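# Descriptive analysis of the structure
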Amino acid sequence: MKPVKVGVLGLGTVGGGTVNVLKRNAAEIARRAGREITITRASTKDLSKSRICDTQGITLTTDPYEIINDPEIEIILELIGGAGAVKDMVLKALENGKHVVTANKSLIALHGNEIFAKASEKGVIVAFEAAVAGGIPIIKAIREGLSGNQIEWLAGIINGTGNFILTEMRDKQRNFANVLKEAQALGYAEADPAFDVEGIDAAHKLTILASIAFGIPLQFDKIYTEGISEITRADVKYAEQLGYRIKHLGIARKTSQGIELRVHPTLIPERRLIANVNGVMNAVLVKGDAVGPTLYYGAGAGADPTASSVVADVIDVVRALTSDPENRVPHLAFQANALVDIPVLPAELFRTSYYLRLKAEDKPGVLAEVTRILAEHQISIEAISQKEPLKTKKTVSIIMLTQITLEKEMNAAIAEIEALTTVTGKVTRIRLETLG
Ligand code: HSE
């Protein structure tokens, strides 16, 4: 059989890594796919730039459309990233009847509904394993491995850069900006690193995970998103003293009222495996009604790990080239006409526990005032600790952990606590999940 011809758009970290893995493992890949897979063309912005891959045998161009319009090419690997001009490229490739493999989470999260509709119309596949959690085959695991389950919730460390920063801050007391620079040099960070540190990248990925877990349309705009830039070393230290680690999690949970979709820093008990996922590693916990909790762990970013997912998708596409489009695994795990619009809950209706830190005057009755307010909002305290005042200061730090409560009640209680004359400044609030 003739080799399958593949065109690559983008030769950066992921594109370069993919060329390397496809070349290095060509024989093994052909044994798996049943056919040889050859990259014949690739596009890059700058032909003279040095690259991490060897492009011998590949015709290079600066115009992606030369590849998209090449009738010989059956599969396009979109490894440019971003959701602007790339959307048109992908739609054009689909229009031309080509299968597309992409690592582009923002593209899928923002335009996936339209892209999958076009792919179905044309009878072609859009594969996107590399869009979530780098090298971890989490899309395949949820979409195929857990397809007999009702997924109840999932929670994941799905941004490698953010996890790398939090880990280095905790273990080596390094400064935020320094660690971010290193993550950029290692090729982990997004072109705009605010996507990593403000949680947007994780929200893109959670959009995709929630859709394939619950059979809902992709709806990035409904995700509640908080980043890690406000996390202080003091909170990391206090959390540790209480037996918790702070991780930046993406959480999707189905409740009787709807679905919670949230990305935020989270205290988790340090005894949980996921609390010990460090550096650029990602991990996703998925709870199915039949299987119970399952955990998936691996490198969440970087050239070769991401290429591992891209290449697995290419092999899947090659295997499916001769299959009937009606009988393929649906893009979003559920048949396109079976997606349902379960309401996504506003943040006020989230139910979770909290870590609170506040600064209060060191005098009798202050703590009683604070606990009275919490009690009036039906918020139970799980643990409380007061730090000794510094000799030079008249305020003390009070740290509290609460039991599960409605976010609306917590918002109201915090507003009342902040209004007390004995309390200084803002109350720090970090959500807490036991993930049991
Ligand atoms: N910037 C992303 C991360 C790359 O750090 O996780 C992988 O999606």
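Residues numbered from 1 in each chain as written. Predicted model: local features only at pLDDT ≥ 70, side-chain atom pairs only at ≥ 80, totals over all residues. Heavy atoms only, no water.

Glancing now at the overall build of the chain. From N to C terminus, the chain includes 14 helices and 17 strands. In terms of C-alpha radius of gyration, the chain reaches 24 Å, essentially the compact-globule figure of 22 Å for 436 residues. With respect to the three principal axes, the spread of C-alpha positions in the chain is 85 × 45 × 35 Å. Looking at the 436 residues of the chain, the share that counts as buried comes to 54%. Summarising the internal contacts of the chain: among those between residues at least 6 apart in sequence, 73% fall at separations of at least 24. (Helix = DSSP H or I, 4+ residues; strand = E, 2+ residues; numbered from the N terminus. Rg over C-alpha atoms; globule rule 2.2 N^0.38 Å. Buried < 20%, exposed > 50% of the residue type's maximum accessible area, 1.4 Å probe, protein only. Contact = heavy atoms within 4.5 Å.)

The domains assigned to the chain are domain 1 (4-135 + 303-338), domain 2 (138-299) and domain 3 (350-432). Counting residues at the interface gives 25 residues for domain 1, matched by 23 residues for domain 2. With both chains or domains summed, domain 1 and domain 2 bury close to 2,000 Å², and 65% of this area falls on carbon and sulfur atoms. Here domain 1 and domain 2 share three salt bridges between them. Its salt-bridge partner being Lys105, residue Asp201 comes within 3.0 Å of it at the nearest N-O pair. At the boundary of domain 1 with domain 2, the tally comes to nine residue pairs in polar contact (both at pLDDT 80 or more). (Domains from an automatic or database assignment. Buried area = accessible area lost by both parts, 1.4 Å probe. Salt bridge = Lys/Arg side-chain N within 4 Å of Asp/Glu carboxyl O. Polar contact = N/O pair within 3.5 Å; in protein donor to acceptor, adjacent residues only side chain to side chain.)

Taking strand neighbours across the sheet as the criterion, the six strands line up as S3-S2-S1-S4-S5-S6 in an open arrangement whose pairing is parallel. With partners counted over all chains shown, the strands left at the sheet margins are strand S3 (59-61) and strand S6 (126-127), one partner each. Examined bridge by bridge, strand S1 (residues 4-9) and strand S2 (residues 37-43) share six bridges and lie parallel to one another. Note that in S2 the partner of Val6 across the bridge is Ile39. (Pairing = 2+ DSSP bridges.)

The next thing to look at is helix H6 (residues 138-145). Given 3.6 residues per helical turn, the α-helix brings residues three or four places apart onto the same face. Among the residues making up H6, those that are buried are Ile138, Ile139, Ala141, Ile142 and Arg143. Where H6 is buried, its residues touch strand S7 (151-157), helix H10 (200-214), strand S11 (281-288) and strand S12 (292-299).

By nearness alone, every residue bordering the ligand is listed as Lys105, Asn159, Gly160, Thr161, Tyr188, Ala189, Glu190, Asp196, Asp201, Lys205, Gly300 and Ala301. At 2.6 Å from a nitrogen atom of the ligand is found a side-chain nitrogen or oxygen belonging to Glu190. Compared with its free state, where it exposes 250 Å², the ligand has 92% of that area covered by protein. Those elements giving two or more residues to the shell around the ligand turn out to be helix H7 (160-172) and H10. Tallied by class, the residues present in the shell around the ligand amount to three nonpolar, four polar and five charged. (Near = heavy atom within 4 Å. Areas by Shrake-Rupley, 256 points an atom, 1.4 Å probe, with all protein chains shown as cover. Nonpolar A, V, L, I, M, F, W, Y, C, P; charged D, E, K, R; others polar.)

Bringing the pattern of salt bridges into the picture now. On inspection of all chains with the given rule, the structure shows 35 salt bridges. With a shortest N-O distance of 2.8 Å, Lys105 and Glu190 are connected by a salt bridge. In this pair, Lys105 sits in helix H5 (residues 105-122) while Glu190 sits in the loop between helix H8 (176-185) and helix H9 (194-197), placing the two residues 85 residues apart along the sequence. The class of Lys105 is buried, set by a relative accessible area of 15%. Among the salt bridges present, the one from Arg174 reaches Glu182, with a minimum N-O distance of 2.7 Å. Accessibility expressed as a relative area gives 31% for Glu182, which makes it partly exposed.

Looking now at the packing of aromatic side chains. Overall, the coordinates contain three aromatic pairs when judged by the stated rule. Each ring, one from Phe116 and one from Phe128, has its centre 5.4 Å from the other, and the planes form 40 degrees; the classification is tilted. Placement of the pair is Phe116 in helix H5 and Phe128 in the loop between S6 and H6, with a sequence separation of 12 residues. By relative accessible area, which is 6% here, Phe116 ends up buried. When the centroid spacing of 5.8 Å and the interplanar angle of 85 degrees are considered together, the rings of Tyr224 and Phe350 count as edge-to-face. With Tyr224 in strand S8 (residues 224-225) and Phe350 in the loop between helix H12 (303-320) and strand S13 (351-361), this pair connects stretches of sequence that are 126 residues apart. Above the face of the Phe350 ring, Arg262 is positioned so that its terminal group lies 5.2 Å from the ring centre. (Phe/Tyr/Trp six-rings, centres within 6.5 Å; stacked < 30°, edge-to-face > 60°. Lys NZ or Arg CZ within 6 Å of the ring centre and 35° of its normal.)

Once that is clear, we can look at H7. Between the first and last C-alpha of H7 there are 17 Å, a value that for 13 residues agrees with the 18 Å anticipated at 1.5 Å per step. A large share of H7 lies buried, amounting to 11 of its 13 residues. When H7 is considered as a whole, its buried residues turn out to be Gly160, Thr161, Gly162, Asn163, Phe164, Ile165, Leu166, Thr167, Glu168, Met169 and Arg170. Check the buried side of H7 and you find it contacts S7, H8, H9, helix H11 (233-241), strand S9 (244-254) and S11. Measuring from the side-chain oxygen of the N-cap residue of H7 to the backbone nitrogen of Thr161 gives 3.4 Å; that N-cap residue is Asn159. (Expected span 1.5 Å × (residues − 1).)

Another aspect to go through is the side chain of Asp313. Along the chain, the position of Asp313 falls in helix H12. Engagement of the side chain of Asp313 in a polar contact is seen with the backbone nitrogen of Glu129, the distance being 2.8 Å. Among residues more than four places away in sequence, those in contact with Asp313 are Val101, Ala127, Phe128, Glu129 and Ala130.

Here we take up the pairing of S7. By the criterion of burial, S7 is predominantly enclosed, with six of the seven residues buried. As defined by bridge partners, S7 adjoins S11 across six bridges and the pair is classed as antiparallel. Following the sheet pairing, Ala155 is matched in S11 by Leu285. Of the pairings in the sheet, the one linking S7 to S9 comprises four bridges and is antiparallel in character. Each bridged residue has a counterpart across the sheet, and for Trp153 the counterpart in S9 is Arg253.

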